[in-house]
Amino acid sequence: MACVSIQGGSPLNGEIHIQGSKNAALPMLAACLLAHGETKLYNCPHIRDVYNMLKILEAMGCHTQMHPDHVTVDTSPALTGEISEADASAMRSSVMLMGAALGRLHYVSIPWPGGCCIGKRPVDIHLKALEAMNVCIRSSDRGLECQTTGLRGSTVDFPYPSVGATENVILAAVLAEDTTVIRHAAKEPEIIDLCLFLNAMGADIHGMGTGCIIIHGVKRLRSIAYRVMPDRIVAGTYLAAAAATGGDVTAVDVGTRDLGPTLDVLADMGCGIVLKNRQVRVIAPPLLLPAECIHTQPFPGFPTDMQSQLMVCLTAARGTSVICEEIFEDRFKIVPWLLKMGADIGIEQNKAVIRGGTPLHGCAVEACDLRGGAALVIAGLMAEGNTLVGRPDYIERGYEDICRDLSQLGAKICKV
């Protein structure tokens, strides 16, 4: 079985170019279904989730190609709304194909989606919103069958700002009759990028980045070429690794505003932060400071996708830190592995108490989810001796080549 081998003890230094965003590229690939013809996405990351999405689009009848600097999706052939269980179970993001498929085909049959097991992540708010837009939904143990005689605009009031549900309603609404209003919409930068992409295709969307998004339905969309935004979580992971190892790393081609919540925490931990021309430099202090209390929140709060990486950093801080996970109820899966490496962490429901200053030692650990796997790599970089991180396929869902990238910064790391 493959694993990532890390020899710890080397501070990270240098510059690293940041790949395209996973969480922006995936809904854009789904949105390609809404236009007839060939769409090109530049800066689309070469990651497992993108490959899985392209496989699903191929099975639906699209022609796709992955090039070194872009991906093409041709939706000219006849398409089907049937999605297989094997394809959907590989990734959570397959659920966003519902809105796009309903917009193009008025029908979709999709098994229950897979992905990382970090909590319940229910899709009922997706379904309730789509039903309000004239979609008939039948559910069974095998999955969901959705069809419509024609999508109609509606006012959708989410109980909380769900990223996936916001994306699904946007994708369904752009070709619907009349106007759709999303209240309590998610404000993540990736949703803004999706809306900019759809508007470039001919959609009429306003209010992205606020809690109220308004979509006026249009008759058709056109195929275009578009550049995907950089991945703020990948950038945050590498900058956190710099802080954890006592290094000095500059992330190149990033949105500095998008990284704000993560940079605020790193600054509170004593790191020097330098922002310049879409570059972010993090300079680690001689000794990291503890974080009094970090609460994960929807954007613009601290991202849940950075929680595991910061937890690992805080094991090196001299003092006690607290992380409260407010988004997912099962996102502390790396804690038993960190305890095995020598960390001192206690869990009380959704709260992790990290008593820092305990050195980590290398051993065999195993990734249980995407971001937790990346965090275990950071732990290996900090640890004395050799660390083996099993199940790197989880990490490959969101990072093009974490061994390549960290090696460029001086890490002793390889996949074996």
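In this text, all values refer to a predicted model and were calculated from it rather than measured experimentally.

What counts, and at which threshold
Residues numbered from 1 in each chain as written. Predicted model: local features only at pLDDT ≥ 70, side-chain atom pairs only at ≥ 80, totals over all residues. Heavy atoms only, no water. 1 Å grid on protein atoms, 1.4 Å probe; cavity = no way out; pocket = protein on both sides within 12 Å on 5 of 7 lines; lining within 4 Å. Points joined across faces, edges and corners; volume = space filled by probe spheres on them. Helix = DSSP H or I, 4+ residues; strand = E, 2+ residues; numbered from the N terminus. Nonpolar A, V, L, I, M, F, W, Y, C, P; charged D, E, K, R; others polar. Buried < 20%, exposed > 50% of the residue type's maximum accessible area, 1.4 Å probe, protein only. Polar contact = N/O pair within 3.5 Å; in protein donor to acceptor, adjacent residues only side chain to side chain. Pairing = 2+ DSSP bridges. Contact = heavy atoms within 4.5 Å. Axes fitted to C-alpha atoms, helices over the stretch in contact; angles between N-to-C directions. Core = buried A, V, L, I, M, F, W, Y, C linked by side-chain atoms within 4.5 Å.

Caption draft 1: Quick look at empty space enclosed by the protein. Here the structure, examined in full by the defined rule, presents two cavities of 30 Å³ or more. Estimated volume of the largest cavity: approximately 40 Å³. Around the largest cavity sit Arg232, Ile233, Asp258, Leu259, Pro261, Thr262, Pro303 and Met306, which together line it. For the lining of the largest cavity, the secondary-structure elements that each account for two or more residues are helix H8 (232-245) and helix H9 (260-268). Size it by volume and the second largest cavity reaches roughly 30 Å³. Looking at the second largest cavity, the residues that line it are Met229, Pro230, Asp231, Arg232, Ala235, Val254, Gly255, Asp258 and Leu259.

Caption draft 2: View of the layout of surface pockets. What the second largest pocket holds in volume is close to 340 Å³. Along its surface, the second largest pocket is lined by 19 residues, and Ala244, Leu287, Ala316, Arg318 and Met382 are the ones closest to its centre. Of the residues that constitute the lining of the second largest pocket, the class distribution is eleven nonpolar, six polar and two charged.

Caption draft 3: Molecular detail of helix H1 (residues 22-31). H1 sits mainly inside the fold: nine of its ten residues count as buried. Every buried residue belonging to H1 is among Lys22, Ala24, Ala25, Leu26, Pro27, Met28, Leu29, Ala30 and Ala31, and all of these are buried. Between the side-chain oxygen at the start of H1 and the backbone nitrogen of asparagine 23 there is a gap of 3.3 Å, and the oxygen is on serine 21.

Caption draft 4: How the structure looks around the sheet that holds strand E20 (residues 320-324). Reading across from one edge, E19-E20-E22-E21 is the order of the four strands in this open sheet, with mixed pairing throughout. Two strands in the sheet have a free side with no partner beyond their single neighbour: strand E19 (294-295) and strand E21 (345-348). Alignment of E19 against E20, held across two bridges, turns out to be parallel. Across the sheet, the residue bridging to histidine 295 is cysteine 324, located in E20. Running over the sheet, helix H10 (residues 307-314) touches E19, E20, E21 and strand E22 (351-355) and is turned about 170° from E20.

Caption draft 5: Local environment of the nonpolar core. Ranked by size, the top nonpolar core spans 75 residues in total, and within it Leu57, Ile170 and Leu198 carry the most contacts. Tallying contributions element by element places H1 first for this core, with seven residues. With residues up to four places along the chain from it excluded, the contact list for leucine 57 reads Leu29, Leu33, Cys62, Thr64, Val73 and Leu97. With 71 residues, the next largest nonpolar core counts Cys271, Ala291, Ala375 and Leu381 among its residues.

So, to be careful, I would describe these as geometric facts and stop short of saying anything about function.
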